[in-house]
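As a plain string of letters, each chain reads:
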Amino acid sequence: MENNVRISESELEALRMKIRKVVEVDLEKLSPECEKNNVFPKEMWEIGKKNDMFRLSLPVQYGGMGLCFEQYFTLLEEIARGNGGMRMFWHVANGLSWEILCERGTEDMKNKYLPQMATGDYFVAFALTEKDCGSGADIRTKAEKKGDNWVINGSKTLISFTDVCDAYYIIACTDESKRKTKDGFTAFFVPADSKGLRVENMPHMMGCRGAGHGDVIMENVELPDCCRLGEVGEGLTVFLHALAISRASIGVCLLGMSQRFLEIAVKRSKDRVTFGKSLAQRQAIQQQLADMATQVMALRLIAHECALQIDNDVEDLEMITSMLKLHGIDTVKLVSDGALEIMGGIGYFEDNPYGPLERLYRDARGMWLEEGPRTVQRLTLVRDVIAKDGEIRHGNYV
Ligand SMILES: Cc1cc2nc3c(=O)[nH]c(=O)nc-3n(C[C@H](O)[C@H](O)[C@H](O)COP(=O)(O)OP(=O)(O)OC[C@H]3O[C@@H](n4cnc5c(N)ncnc54)[C@H](O)[C@@H]3O)c2cc1C
């Protein structure tokens, strides 16, 4: 991966503070409209462009800042403190949207689309999940070679950003005889305006409003061979590698949200006085805050280790990224429940002087599922734990 730019600590801190303001003030102002209409307001793109938010991780040669993951994750954590739907968008814009094309696309495609992604003028959605199928090799969508072209038939579900994307990354079975192995699938770049492709909108979600979910249906969608990403039969490798990094990004987003819940809980516990003492002076509340802070710190350390492994090109990222996602879900559960409890009754209302707790609580729950639920993370990471006889020390990247 070509994310190797390291800016100075003072530059990083200035950028982090700028993004915090953008997220908690400028984008927050757009939240009520986004919540009400379930569509991202147009201003979101203008704010993103003005503040470099489309180009944090994209490699420099295509107009990005090319930040290393250790530094990019520091900024993603800030992005995750805000609106959940917009957080999903920035996380994909700085990751899944460009990575597969950058690593597997033809030079022509890279030169055409990646610079447009740096300015927010092109966006690719990621389409893996199918109805009545599991993840991984359980995929029914098919692609057949006819002459020089590929013909795709099948459908994908729960796909984010179907209302704003310009193209999709799709995985399809290209060899029925190898369906049970990892070599039966191939990845494709499918323009959203392809003939035979249509979207059926899904109902509104519990949180993360604005992220435009839909089913993507493909009937005889014809593509030239240059839209193939990687070799024939390499699709699962391509998708699983992209997913590992994306899973790490979700883990970092869980960290950003958990940190915000913790801060809200601490502030409220200092302000709120009952029977002559602040909640922060009560041992019962102190114990709760201690547990919350410890979980958040542990999550931060796993996130840091994960960033170092990605930056040091460790090949197998499955275990550390799944640990990060798993611990992230457990942490955000504990701290969001804790923050709501400590906030008392006002925490259950939309308007709250301590922050949008009610919305953040709903938004956080989307991350239970994005890039795989707890069960799947445990199944993924335990393979390495067993293979390594339980020797899972950090630092195998040096
Ligand atoms: C907000 C949101 C955005 C999303 N965006 C996208 C997107 O852009 N692109 C995309 O492709 N997908 C997307 N998804 C889909 C998401 O990746 C899936 O919902 C998730 O991977 C779970 O798959 P599923 O919904 O099919 O649940 P299921 O696979 O039905 O799982 C249900 C439960 O059963 C458990 N389970 C499943 N299989 C096993 C097993 N073998 N052993 C033990 N337990 C098991 C799971 O852990 C889970 O708890 C999105 C989902 C959400 C909620």
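Residues numbered from 1 in each chain as written. Predicted model: local features only at pLDDT ≥ 70, side-chain atom pairs only at ≥ 80, totals over all residues. Heavy atoms only, no water.

Draft legend 1. Inspection of the pattern of salt bridges at higher detail. Scanning all chains against the criterion turns up 34 salt bridges. For glutamate 28, the salt bridge is made with arginine 359, and the minimal N-O distance between the two is 2.8 Å. Placement of the pair is glutamate 28 in helix α1 (residues 9-37) and arginine 359 in helix α10 (residues 357-364), with a sequence separation of 331 residues. Connected through salt bridges with shared partners, the residues Glu13, Arg16, Arg20, Glu24, Glu78, Arg81, Arg260 and Glu263 form a single ionic network. (Salt bridge = Lys/Arg side-chain N within 4 Å of Asp/Glu carboxyl O. Helix = DSSP H or I, 4+ residues; strand = E, 2+ residues; numbered from the N terminus.)

Draft legend 2. Main features of the packing of helix α7 (residues 235-271) against helix α9 (residues 318-343). Look at α7 against α9: their axes get within 8 Å of each other, and the N-to-C directions meet at 25°. Judged by the inter-axis angle, α7 sits roughly parallel to α9. Crossing handedness for the pair α7 and α9: left-handed. The residue makeup of the contact of α7 with α9, split by class, is 17 nonpolar, 8 polar and 4 charged. (Axes fitted to C-alpha atoms, helices over the stretch in contact; angles between N-to-C directions. Parallel < 35°, antiparallel > 145°, perpendicular 65-115°, else oblique. Left-handed = near helix turned anticlockwise from the far one by under 90°. Nonpolar A, V, L, I, M, F, W, Y, C, P; charged D, E, K, R; others polar.)

Draft legend 3. Molecular detail of the pairing of strand β3 (residues 149-159). Bridge analysis of strand β2 (residues 142-146) against β3 gives 5 bridges, and the strand direction is antiparallel. Along β3, the bridge assignment pairs alanine 143 with isoleucine 152. Hairpin geometry of β2 and β3 is characterised by an intervening segment of 2 residues between the two adjacent antiparallel strands and by a positive phi of about 65° at glycine 147. Relative to strand β7 (residues 214-224), β3 runs antiparallel, the two being bridged by 8 bridges. If you follow valine 151 over to β7, its bridge partner there is glutamate 222. (Pairing = 2+ DSSP bridges.)

Draft legend 4. Layout of the site of the ligand. Near the ligand, the surroundings consist of 17 residues, among which Phe126, Leu128, Thr129, Ser160 and Thr375 are the closest. Here the ligand has 970 Å² of accessible area as a free molecule, and 62% of this is covered by the chains. Taken together, the elements giving at least two residues each to the shell around the ligand come down to β1 (124-127), β3 and α11 (374-387). Each of domain 2 (124-233) and domain 3 (236-387) gives at least three residues to the shell around the ligand. (Near = heavy atom within 4 Å. Areas by Shrake-Rupley, 256 points an atom, 1.4 Å probe, with all protein chains shown as cover. Domains from an automatic or database assignment.)

Draft legend 5. Structural context of the nonpolar core. Leu27 and Phe189 are the most contacted members of the largest nonpolar core, which has 121 residues in total. Counting residues per element, this core draws most heavily on α7, which supplies 18 residues. For leucine 27, the residues in contact, after removing those within four places along its chain, are Val22, Met44, Ile47, Met53, Met86 and Trp90. (Core = buried A, V, L, I, M, F, W, Y, C linked by side-chain atoms within 4.5 Å. Buried < 20%, exposed > 50% of the residue type's maximum accessible area, 1.4 Å probe, protein only. Contact = heavy atoms within 4.5 Å.)

Draft legend 6. Structural context of the packing of α7 against α10. Across the interface, α7 lies against α10 with an axial gap of 11 Å and an inter-helix angle of 150°. Judged by the angle between their axes, α7 and α10 are roughly antiparallel. In this structure, the crossing between α7 and α10 has a hand that is left-handed. Contacts between α7 and α10 pair Met257, Arg260, Phe261 and Ile264 from the former with Leu357, Leu360, Tyr361, Asp363 and Ala364 from the latter. When grouped by side-chain class, the residues that make up the contact of α7 with α10 number 7 nonpolar, no polar and 2 charged.

Draft legend 7. How the structure looks around helix α4 (residues 84-93). Along α4, 10 of the 10 residues are buried, which leaves the element largely enclosed by surrounding structure. Those residues of α4 lying buried are Gly84, Gly85, Met86, Arg87, Met88, Phe89, Trp90, His91, Val92 and Ala93. The residue sitting at the N-terminus of α4 and contributing the capping side-chain oxygen is asparagine 83; that oxygen lies 2.9 Å from the backbone nitrogen of glycine 85. (Polar contact = N/O pair within 3.5 Å; in protein donor to acceptor, adjacent residues only side chain to side chain.)

Draft legend 8. Broad picture of the domain arrangement of the protein. Taken domain by domain, the protein consists of domain 1 (9-118), domain 2 (124-233) and domain 3 (236-387). The C-alpha-based centres of domain 2 and domain 3 are spaced at 31 Å. Across the boundary between the two partners, domain 2 contributes 15 residues, which contact 9 residues of domain 3. Across the domain 2 to domain 3 interface the summed buried area is about 1,100 Å²; carbon plus sulfur atoms make up 77%. Counting the surface domain 2 buries against domain 3, the share from its top three residues, Phe126, Met206 and Cys208, is 42%. In this assembly, domain 2 and domain 3 are joined by 0 salt bridges. Broken down by secondary-structure element, the contributors of at least two residues to the side of domain 2 that touches domain 3 are β1, β4 (167-173) and β5 (185-191). For the side of domain 2 that touches domain 3, the leading source of residues is β4, giving 3 residues. Of the residues assigned to the side of domain 2 that touches domain 3, the class counts are 12 nonpolar, 2 polar and 1 charged. (Buried area = accessible area lost by both parts, 1.4 Å probe.)

Draft legend 9. Quick peek at the packing of aromatic side chains. Summed over the entire model, instances satisfying the criterion amount to 18 aromatic pairs. With 5.7 Å between their ring centres and 80° between their planes, phenylalanine 89 and phenylalanine 161 make a pair best called edge-to-face. With a gap of 72 residues between them, phenylalanine 89 in helix α4 and phenylalanine 161 in the loop between β3 and β4 connect regions that are remote in the sequence. Residue phenylalanine 89 is classed as buried on the basis of its relative accessible area, which comes to 0%. Residue classification places phenylalanine 161 among the buried residues on the basis of a relative accessible area of 1%. By way of ring pairs, the aromatic residues Phe40, Trp45, Phe54, Phe89, Trp90, Phe123 and Phe161 are connected into one cluster. Cation over ring: arginine 365 sits above tyrosine 361, and NZ or CZ is 3.7 Å from the ring centre. (Phe/Tyr/Trp six-rings, centres within 6.5 Å; stacked < 30°, edge-to-face > 60°. Lys NZ or Arg CZ within 6 Å of the ring centre and 35° of its normal.)

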